[in-house]
2 protein chains.
Amino acid sequence: MSGRLAVVGLGPGDPRYLTPDAEAALGDAEALYGYGPYLDRVPARARQSRHPSDNREEGARAVAALRHAAEGARVAVVSGGDPGVFAMASVVLEVAAGDERFAAVPVHVVPGITAAQAVASQAGAPLGHDYVVLSLSDRLKPWDVIARRLQAAAAGDFAIAIYNPASRSRRQQLADARDLLLAHRDPGTPVVVGRAVGTPNQQVTVTTLGELDPEQVDMRCLLIVGSSQTRVLRTAGRPDRVITPRRYPG
Amino acid sequence: MSGRLAVVGLGPGDPRYLTPDAEAALGDAEALYGYGPYLDRVPARARQSRHPSDNREEGARAVAALRHAAEGARVAVVSGGDPGVFAMASVVLEVAAGDERFAAVPVHVVPGITAAQAVASQAGAPLGHDYVVLSLSDRLKPWDVIARRLQAAAAGDFAIAIYNPASRSRRQQLADARDLLLAHRDPGTPVVVGRAVGTPNQQVTVTTLGELDPEQVDMRCLLIVGSSQTRVLRTAGRPDRVITPRRYPG
């Protein structure tokens, strides 16, 4: 059997972020699976079938893709960013290990530039020192776990990259997270709001924890909240740069 | 003045991880600056000067590269992994903002695949849910900050990617970190040890927090310590896969 499955990171959107490893895995595949808008980023190739599915169908998508590979096809499951970060790699590996029909399918994970890296690079270097990566979505974990992790991130004085800060239906979490962090951190703490970074509609704004307006944040956003050491560098005629230095005083 | 400076992430080593954005920035540069072993990864190009420097000379390297760009050259400062993560981007931006000779030099950060992503992708998806990225080196921050952050990472039940776990002279930190984490986490917690991942000498081993032997860890290693939810998936005839599921019980 020649079937195999690659879980491929497309990066933040623009092809300039797509690694040669990911490009090769996409070129090699006979069938592509993924959330529709991610599949739409992959140029069409002859003799390559496409199997879009909805955002919340990760388990069913993994089963379908593994079944196709078990039948002998070279399959790629695509994710935005890195498939190993809040994405399809763990789902595919978990489904594969739990079903003996899929035991013979080799599964390979191809990393990609994450949204956090893209936002950080556009803003300066706010993740230049120790940091936390945290999803604010309570779809797959209870809010008390999220609150506990925010508390811990604050107690450790980590910079924090916040995925899924809000959606149309989740409007309260970011306000709660901001208030929780304000109990530990100065209101002047820099916050980077990146929207659709890596796409033509990219916006990067720099604000502060005290002035962060959750109403301005939607599901296309990723936030980076600074640590106590994070600073905004201002130079006349240039956009503000946000950095977290490598050196920590003490 | 046409001078400009790009801080470029080379990724973990193998060119298959080098993004087109990074490749373009390297190709455009008239002068390359960086730690010698990172510069050695960049193929030689005609009419491109190379300025290697030692590992601990980040500040002097940033000044030299910015001065060269201020004279009108297109300069690239290269970093392994992502220049925004424990690397040159924050140093260059900080030096540039603090010296009016460099105020006119545009500085651009080009992200790269990190060592943590490379190790995670080779091991499965151990960073599939909320996680911490932490350097164990006390060269630029005091140990009590590191200990406080390890405590916080443990309290938040984060998976933890540990950079700089040891060097020839730093042998005690990893044993101390392991003991600190064992006060909070099960000894059976999976630990991934990646050595030189992304190079021909790559090794990835899976152990547990209780069995982790600091003597086996050196400066080429990156560790990923699981959360309470991280599991090892075993399939006959395949390497063990380590995943942290997207779903958190409760």
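Heads up: the structure comes first, above all this text.
Procedures and definitions
Residues numbered from 1 in each chain as written. Chains lettered and ligands numbered in written order. Predicted model: local features only at pLDDT ≥ 70, side-chain atom pairs only at ≥ 80, totals over all residues. Axes fitted to C-alpha atoms, helices over the stretch in contact; angles between N-to-C directions. Helix = DSSP H or I, 4+ residues; strand = E, 2+ residues; numbered from the N terminus. Parallel < 35°, antiparallel > 145°, perpendicular 65-115°, else oblique. Left-handed = near helix turned anticlockwise from the far one by under 90°. Contact = placed C-beta atoms within 7 Å. Pairing = 2+ DSSP bridges. Nonpolar A, V, L, I, M, F, W, Y, C, P; charged D, E, K, R; others polar. Least-squares fit on C-alpha atoms with pLDDT ≥ 70 in both. Buried ≥ 20, exposed ≤ 12 C-beta atoms within 10 Å, placed from the backbone.

Engineer: I would appreciate a short explanation of the packing of helix α3 (residues 58-70) of chain B against helix α4 (residues 88-97) of chain B in the present structure.
Structural biologist: Relative orientation and spacing of two packed helices are given, respectively, by the angle between their axes and the distance between those axes. Residues and elements named next belong to chain B. Contact geometry for α3 and α4: axes closest at 9 Å, N-to-C directions at 60°. The angle between α3 and α4 places the two elements in the oblique class. Taken as a pair, α3 and α4 cross one another with a handedness that is right-handed. Residues E58, G59, A62, V63, A65 and L66 of α3 form the contact with α4, whose participating residues are M88, V91, V92, V95 and A96.

Engineer: What's the story with the sheet that holds strand β5 (residues 107-110) of chain A in this structure? I'm lost.
Structural biologist: Strands in a sheet are paired, the pairing made by backbone hydrogen bonds, and the direction either parallel or antiparallel. All names here are of chain A. Reading across from one edge, β3-β2-β4-β1-β5 is the order of the 5 strands in this open sheet, with parallel pairing throughout. Edge positions in the sheet fall to β3 (49-53) and β5, since each has one partner strand and no second. When the angles between neighbouring strand axes are averaged without regard to direction, this sheet yields 20°. By the bridge criterion, 4 bridges tie strand β1 (residues 4-9) to β5 in an arrangement that is parallel. When the sheet's bridge partners are listed, V8 is paired in β5 with V110.

Engineer: Can you help me understand the interface of chain B and chain A in this one?
Structural biologist: Accessible area lost upon the coming together of the parts is a frequently used measure of interface size. Counting from both sides, the interface comprises 57 residues of chain B and, opposite them, 57 residues of chain A. Among the secondary structure elements, those contributing two or more residues to the side of chain B that touches chain A are α1 (20-28), α4, β5 (107-110), α5 (115-123), β6 (124-125), β7 (131-135), α6 (143-155) and β13 (241-243) of chain B. Grouping the constituent residues of the side of chain B that touches chain A by class yields 34 nonpolar, 12 polar and 11 charged. Two elements, strand β7 (residues 131-135) of chain A and β7(B), share 3 bridges in a ladder whose sense is antiparallel. Bridge pairing in β7(B) places A:V133 opposite B:Y131.

Engineer: How do you make sense of the relation of the copies chain B and chain A when you look at a structure like this?
Structural biologist: Put simply, the two copies of the chain differ by a rotation about an axis and a shift along that axis. Superposing chain B onto chain A takes a rotation of 180° combined with a translation of 0.0 Å along the rotation axis, leaving an RMSD of 0.0 Å. In the structure described here, the two chain copies are related by an operation that fits a two-fold rotation axis. Most of the interface of chain B is mirrored in chain A, where 100% of its interface residues again form contacts.

Engineer: Hey, could you run me through the environment of A:V78 in this one?
Structural biologist: Residue and element names in this part refer to chain A. If you trace the backbone, V78 turns up in strand β4 (residues 74-79). Classification of V78 as buried rests on a count of 27 C-beta atoms within 10 Å. Along the sequence, V78 and V145 sit 67 residues apart, while their C-alpha atoms lie 28 Å from each other. With sequence-adjacent residues up to four places away left out, V78 is seen in contact with V8, L10, L32, G34, Y38, L39 and V42.

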